Amino acid sequence: MAAEARRADIARKTNETDITLSFAVDGAGTSKLETDVPFLNHMLDLFAKHGQFDLSVEARGDVDIDDHHTVEDIGICLGAALKEALGDKRGIKRYASVFVPMDEALAQVVIDISGRPHFELKGEFPAATVGTFTVELVHEFLWKLALESRITLHVIVHYGRNTHHMIEAVFKALGRALDEATSIDPRVQGVPSTKGVL
């Protein structure tokens, strides 16, 4: 019998943003991204490709003010989709720790699909912007992703000189770590927790 598809569709409309998002855990690394934030499109494309996820995002927001609401709400939608797609989390590996280099930069992402939302980001980015993208929005996006998906997420940027490279390493590592943590381990019976629930 074929395994049930682990995917979800999320829609969120506020006075600030209008977002539709589709996410498949067991995908082929394909993405269709139409947002008003080009740098985030680039990062989400990397995330999907390196995580072997299928991701579709259509988002419009009040970027005439700034990118904050759009980036934040996409993080909220992606987190909600991940939580829904994983269901009761039976059979998953649960944990992952992945290092990814990007030229001179090195990032590490550590994940526990725990049911307990927590986020830590350690690292210093040399620049406040990459093009028109405000670098502090990386924290906002990842925090909302962790919160809505109810995962424990630690991101460590060990070093780097180029802010674009550093953020790129983070999103590639995020994809690879989430792919590993969500993968099915045939040895795991039920939910990987002594509590019996995640």
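Being a predicted model, the structure only gives us computed values, none of them experimental.

Basis of the calculations
- Residues numbered from 1 in each chain as written.
- Predicted model: local features only at pLDDT ≥ 70, side-chain atom pairs only at ≥ 80, totals over all residues.
- Heavy atoms only, no water.
- Pairing = 2+ DSSP bridges.
- Helix = DSSP H or I, 4+ residues; strand = E, 2+ residues; numbered from the N terminus.
- Axes fitted to C-alpha atoms, helices over the stretch in contact; angles between N-to-C directions.
- Expected span 1.5 Å × (residues − 1).
- Buried < 20%, exposed > 50% of the residue type's maximum accessible area, 1.4 Å probe, protein only.
- Polar contact = N/O pair within 3.5 Å; in protein donor to acceptor, adjacent residues only side chain to side chain.

Visitor: Report on the sheet that holds strand E5 (residues 95–102), specifying residues and quantitative values.
Guide: Spatially, four strands are ordered E5-E6-E10-E7 in an open sheet, and the strand pairing comes out mixed. The open sheet terminates on both sides in strands that have one partner only, identified here as E5 and strand E7 (118–122). The average angle at which neighbouring strand axes cross in this sheet is 10°, direction not considered. Pairing of E7 with strand E10 (residues 152–159) involves five bridges; the strand directions are parallel. Paired with Phe119 across the strands is Leu153, a residue of E10.

Visitor: Please provide a residue-by-residue account of helix H4 (residues 163–182), values included.
Guide: Helical geometry: 3.6 residues make up each α-helical turn, so side chains three or four residues apart lie on a common side. Its 20 residues place the ends of H4 28 Å apart at the C-alpha level, agreeing with the 28 Å of an ideal helix rising 1.5 Å per residue. Buried residues dominate H4, accounting for 16 of its 20 residues. The N-cap residue of H4 is Asn162: its side-chain oxygen and the backbone nitrogen of His164 are 3.0 Å apart.

Visitor: With reference to specific residues and values, describe helix H1 (residues 38–51).
Guide: Given a rise of 1.5 Å per residue, 14 residues ought to cover 20 Å, and the 20 Å separating the end C-alpha atoms of H1 matches this to within 8%. Looking one or two residues past H1, Gln52 carries a phi angle of roughly 60°, positive in sign.

Any link to function would need more than the numbers given here.
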